[in-house]
Amino acid sequence: MQWFSEEFVINTTTIYVMETSTKPKARNLSSQASAAGRPQQAVKFARRTSSGRIVSFSHDEDLDLSGEFSGQNDYINYTVVMPPTPDNQPAWPSSENKSDEHTIRFGSEAQNAPRQAGEQEDNYGSRGGSGLSNDKAKMERRMSIMKWSNRSILSRSQTGDFDHNRWLFETRGTYGVGNAYWSDQDKYGQNTELSMSDFLDKPWKPLSRKIRVPAAILSPYRILVVIRLVLLCFFLGWRIQNPNRDAMWLWGLSIVCEIWFAFSWLLDIFPKYNPINRSTDLAALRDKFEQPSPANPHGRSDLPGVDVFVSTADPDKEPPLVTANTVLSILAADYPVEKLSCYISDDGGAILTFEAMAEAVKFAEVWVPFCRKHDIDLRNPDSYFNLKTDHTKNKKRPDFVKDRRWMKREYDEFKVRINGLPEAIRRRSKSFNSMELKKAKSLAREKNGGVLPSEGAVDVPKATWMADGTQWPGTWLDQTTDHKKGDHAGILQVMTKVPENEKVMGQPDEKKLDFTGVDIRIPMFAYVSREKRPGFDHNKKAGAMNALVRASAVLSNGPFILNLDCDHYFYNCQAIREGMCFMMDRGGDRICYIQFPQRFEGIDPSDRYANHNTVFFDGSMRALDGLQGPVYVGTGCMFRRYALYGFLPPRANEYLGMFGSTKRRAPGHLEDESEAQPLTSHPDLNLPKKFGNSATFNESIAVAEFQGRPLADHKSVKNGRPPGALLLPRPPLDATTVAEAIAVISCWYEDKSDWGDKIGWIYGSVTEDVVTGYRMHNRGWRSVYCVTKRDAFRGTAPINLTDRLHQVLRWATGSVEIFFSKNNALFGSRRLKFLQRIAYLNVGIYPFTSFFLVTYCFLPALSLFTGTFIVQSLDISFLLYLLTITVTLTLISLLEIRWSGVGLEEWWRNEQFWAIGGTSAHLVAVIQGLLKVVAGVEISFTLTSKSAGEDEDDIYADLYIVKWTGLFLMPLTIIVVNLVAIVIGCSRTLYSEIPEWGKLMGGLFFSFWVLSHMYPFVKGLLGRRGRVPTIVYVWSGLVSITVSLLWISVTSENRGKLEV
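By the naming in an unreviewed UniProt entry, the protein is Cellulose synthase-like protein D1, taken from Salix udensis.

## A short note on the sheet that holds strand β19 (residues 599-601)
Read across the open sheet, the 3 strands follow the order β17-β24-β19; overall the sheet is mixed. Since the sheet does not close on itself, it has two edges, and those belong to β17 (569-570) and β19, each with one partner. Note that β17 and strand β24 (residues 793-796) share 2 bridges and pair antiparallel. Of the residues in β24, the one forming a bridge with Phe 570 is Phe 793.

## Here we look at the nonpolar core
Ranked by size, the top nonpolar core spans 110 residues in total, and within it Phe 639, Tyr 645 and Phe 697 carry the most contacts. If we ignore the near neighbours within four places in the chain, the residues touching Tyr 645 are Val 549, Ala 553, Pro 688, Phe 691, Phe 697, Ile 701, Trp 755, Lys 758 and Ile 759. By size, the runner-up hydrophobic cluster in this structure holds 82 residues, among which are Ala 333, Tyr 411, Val 518 and Leu 562.

## Some remarks on unusual backbone geometry
Its identity is not glycine, yet Asn 539 carries a phi of approximately 60°, on the positive side. One non-glycine residue with positive phi stands out, namely Ala 610, at about 55°. Mapped onto the elements, Ala 610 comes out in the loop between β19 and α16 (614-625). Relative accessible area serves as the criterion here: at 6%, Ala 610 is assigned to the buried category.

## Notes on the pattern of salt bridges
A side chain with one charge can pair with a side chain of the opposite charge if their charged atoms come near. One pass over the full model with this rule turns up 43 salt bridges. Lys 272 is the salt-bridge partner of Asp 268, the closest N and O atoms lying 3.5 Å from each other. Since its relative accessible area comes to 32%, Asp 268 is described here as partly exposed. In this structure Lys 272 comes out as buried when scored by relative accessible area, which is 4%. The salt bridge partner of Arg 651 is Asp 589, with a shortest N-O separation of 2.9 Å. Of this pair, Arg 651 sits in the loop between α17 (641-644) and β21 (653-656) while Asp 589 sits in the loop between α15 (575-583) and β18 (591-595), and the two are 62 residues apart along the sequence. Exposure remark for Arg 651: the relative accessible area of 16% places this residue in the buried category.

## Let's talk about the side chain of Arg 428
By secondary structure assignment, the location of Arg 428 is in helix α13 (residues 421-447). Leave out the neighbours within four places in its chain, and Arg 428 touches Ile 351, Glu 355, Trp 465, Met 466 and Ala 467.

## So, the sheet that holds strand β23 (residues 782-785)
In spatial order, the strands read β14-β15-β11-β10-β16-β20-β18-β23; together these 8 strands make up an open sheet with mixed pairing. Of all strands in the sheet, those bounded by a partner on one side alone are β14 (491-496) and β23. Neighbour to neighbour, the strand axes of the sheet diverge by 20° on average, direction disregarded. The pairing of β14 with strand β15 (residues 524-529) spans 5 bridges and is antiparallel. Residue Ile 491 lies in a different strand from β15, and its bridge partner there is Ser 529. Strands in contact with helix α20 (residues 768-778) are β18, β20 (637-640) and β23; relative to β18, the strand with the most contacts, it is inclined by about 145°.

## Quick notes on the UniProt feature "active site" (unreviewed entry) in the protein
Mapped onto the present numbering, the UniProt feature "active site" (unreviewed entry) falls on Asp 347 and Asp 769. Residue position: Asp 347 is located in the loop between β11 (340-346) and α10 (351-374). Exposure remark for Asp 347: the relative accessible area of 14% places this residue in the buried category. The contact partners of Asp 347, leaving out residues within four places of it in the chain, are Thr 312, Ala 313, His 488, Arg 530, Lys 532, Lys 540 and Ala 544. Excluding residues within four positions of it along the chain, Asp 769 makes contact with Tyr 632, Val 633 and Gly 634. Within the local environment of Asp 769, its side chain forms a polar contact with the backbone nitrogen of Gly 634, the two atoms lying 3.3 Å apart.

## Things to note about the environment of Arg 245
By the secondary structure assignment, Arg 245 is in the loop between α6 (215-241) and α7 (248-269). For the pair Arg 245 and Val 871, spaced 626 residues apart in sequence, the C-alpha to C-alpha distance is 8.8 Å.

## Examining the packing of aromatic side chains
Counted under the stated rule, the structure contains 49 aromatic pairs. Measuring from centroid to centroid gives 5.1 Å for Phe 354 and Tyr 527, while their planes differ by 85°, and the two rings are edge-to-face. Residue Phe 354 is found in helix α10, and its partner Tyr 527 is found in strand β15; the two are separated by 173 residues along the sequence. Residue Phe 354 is classed as buried on the basis of its relative accessible area, which comes to 11%. Through a chain of ring-to-ring contacts, three or more aromatic side chains come together here, namely Phe 235, Trp 238, Phe 869, Phe 878, Tyr 881, Phe 1005 and Phe 1006.

Conventions and cut-offs
Residues numbered from 1 in each chain as written. Predicted model: local features only at pLDDT ≥ 70, side-chain atom pairs only at ≥ 80, totals over all residues. Heavy atoms only, no water. Pairing = 2+ DSSP bridges. Helix = DSSP H or I, 4+ residues; strand = E, 2+ residues; numbered from the N terminus. Core = buried A, V, L, I, M, F, W, Y, C linked by side-chain atoms within 4.5 Å. Buried < 20%, exposed > 50% of the residue type's maximum accessible area, 1.4 Å probe, protein only. Contact = heavy atoms within 4.5 Å. Salt bridge = Lys/Arg side-chain N within 4 Å of Asp/Glu carboxyl O. Axes fitted to C-alpha atoms, helices over the stretch in contact; angles between N-to-C directions. UniProt positions renumbered as here; feature names shortened; annotations may be inferred. Polar contact = N/O pair within 3.5 Å; in protein donor to acceptor, adjacent residues only side chain to side chain. Phe/Tyr/Trp six-rings, centres within 6.5 Å; stacked < 30°, edge-to-face > 60°.

Spelled out as structure tokens, the structure:
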């Protein structure tokens, strides 16, 4: 019987199906094949070559089917010739074959081909030839046969390999289902109504992510900390058990100092347990807030508003040109113009600052569009034009060189106008005062019957006049009542109107630049000088910032506030966007502020006095970011306005137990639940209730809270706002609104309110920044440290030794005030993490280390004077302890350098200045703090001058200026005493009958260690070309003579006692 009677042409190859006469025989063969060494297959897969020869896919011997089929039982197994489809491509070059009218597309059934063939075998054996048509239909259903053109050549012409792309094109095959390809003809699943557009929607993406420090660095770091802690415990125990009987006083002093140093080290190292890094996704921020969507069809910006605060107080010490450049960098920032506002607080009420800002706003009309047109990254004009790099790099517009040349000339003229303002104001005021004097004399002559009275009878105040002929309401050049520092009216001047919601494109202008197609709008800018009157406590910078908070809430009410010092400018024009990635991300509603690192320019290359402070900004702050967040350090910080108002976060945790190991969700605190609060609740958890009597300000609070919420575009986003809620334009300002803003900056507005206590910047400390950040963390808020690839902001720092020490003195004094106040971390709430509490505790304690540091710096000299040492002898135990503790500290420092990115030289400079500041500024700060607490002596500080030195050609001229201060006394004494002690110790040992070289070497080692830390201080005293002030010589000689006479007197007395 002929079992196979029909040939199927499938995709250029032929499937031949043959079978033995009986089904059990096939099964027998199959079972025998499984038992043999190489199994025989019941179904064989093969291909036909161009010569007609059949080649098996199952690696059996080739099958010769080139001739006619000789008989019905020539082959006992099926042979299926597989087509070269994407699911089954040959492993060797295939030849060109032709087919007739059909092709087969193998699906998931291809993998089950042996099983299917077995089933077909059963059917063929049972039905015979009459079931051939049914078998063909079943095969077609299984293999999805579809028609195609028979002119296709699927193999590549040169290599003969299978051409997958041509197969897809000519067979109209598909890749399946997904966002790369979607066929409307294919149906997947039941009642599916999907299309390609459903796959083109971008998935939800986070705006920021947390990057852990590699375990290969962090794990050894933690292990070494534990090892050193254990070593310190053993060492201190050994020191206590082995006193020096020859010098108990020296041993006692050293033990006390070493115990304190170990305690101080623990306070510093424990908060560094979990350092982290963070990154932002600016592209995701733009896609989410500035791209067309169903809620935002026109693609307007849905970002929240930002109010930028700039603070200044004295134009003599803070040059107006520096402040103007800072303002220009803010106005040109890469942020939606209609969402950005800039405020400057002039706490001195100086007309020089006012008119400099007016000039800056006028120059911004061309500078801001120029930056947008040519995509300038550095938008501080002074820094931009002083760059030493190639300005044409990555600039493609052909008119860039011409535009830059024109802008440089405009900026030079702008600088000349700013520099000429003091003289222009003086001449103008003199002219107006002369006119007023003439009017007064004319009026007096008329009243006196045409006779001019005596000269003293006509008195006209020497006022300061503005350009429009009106008297300046602030501080006059010749200060008088109502017009002097601490006694002047409040001033608020909106110098630029609220920008329109739609872009305003520029036009070609022959006198200016061609701004065609460039948005020429500039953000709103306002000059603010709060009212000051005698008898009111104005609370220094904190009071000025709170006045700006209220005024900005009435005028613009941006839900976020960025505060900058007048010398810190935007180095990264997208810095606001970087911070917004955290505020608008999932969980961003719990963040109270974003702290950016402080970076400085104009620092000497060696950074002699550790002005960059990278150990703190890149080490300690990164570590705190892994806890509850970094501390607030005064500038470069973006606040959530609602958090500044003293409210609690929407969600917070409480940390219970001795070490805060138990965490639980903190209960909500609502106003109507105040009576239900336990008596032990922390006062920081009480909601503020007294914001002042301004209804406009009170109404703005809820608006700021809502606008500051993240976008509710994902189920994981809690406390979010709907998309498109911030697309409405801001209303223009009117006279009533401006009048209300002037009222809230009056000196009496804060009376009987919670400002400075629970609301805004906190009063009572010269370091109001640290206290303000602490109070927010104490309520359960979190903060984030934002380190950008390109520095967000850059500023200046004092490189003069005297100015640097006074800066450190102010910080240390504020820390002492914190320690003796209710803001001490020991009294913090349960919402403060344990390690975060340790960090804030260290902030208040570190100045007290100065007492122990000064004592320890004198111990080597005392050892050399007396011929004794802190231990009985330099035995092996002491040396081993000293070696292991030093090695572990070195390894810890090296690993800290690895995860923080701090350079080794920067770390050493920080260690040196820690010793210099600890023996000078910190010591004086503790004394001042104690005087304030005990005797109520108020502490006052002056602004650090930001002017250049006498040599204008040398940008480091200030570095060599020596300005004597009382802070020099203690470090200079330590240096002189140690030098004299080295000379005396060496002389006594050399001329001694029984020299004790061990004690001498121990004293010399520690003396040189102290002197190496004081080396930058010595260089600062030497000045340029050895110009040392006379007082340095006088003080050094006085200390040397006193110490020498004291030593001679003591040694003579001891020698006399020995002779007796």
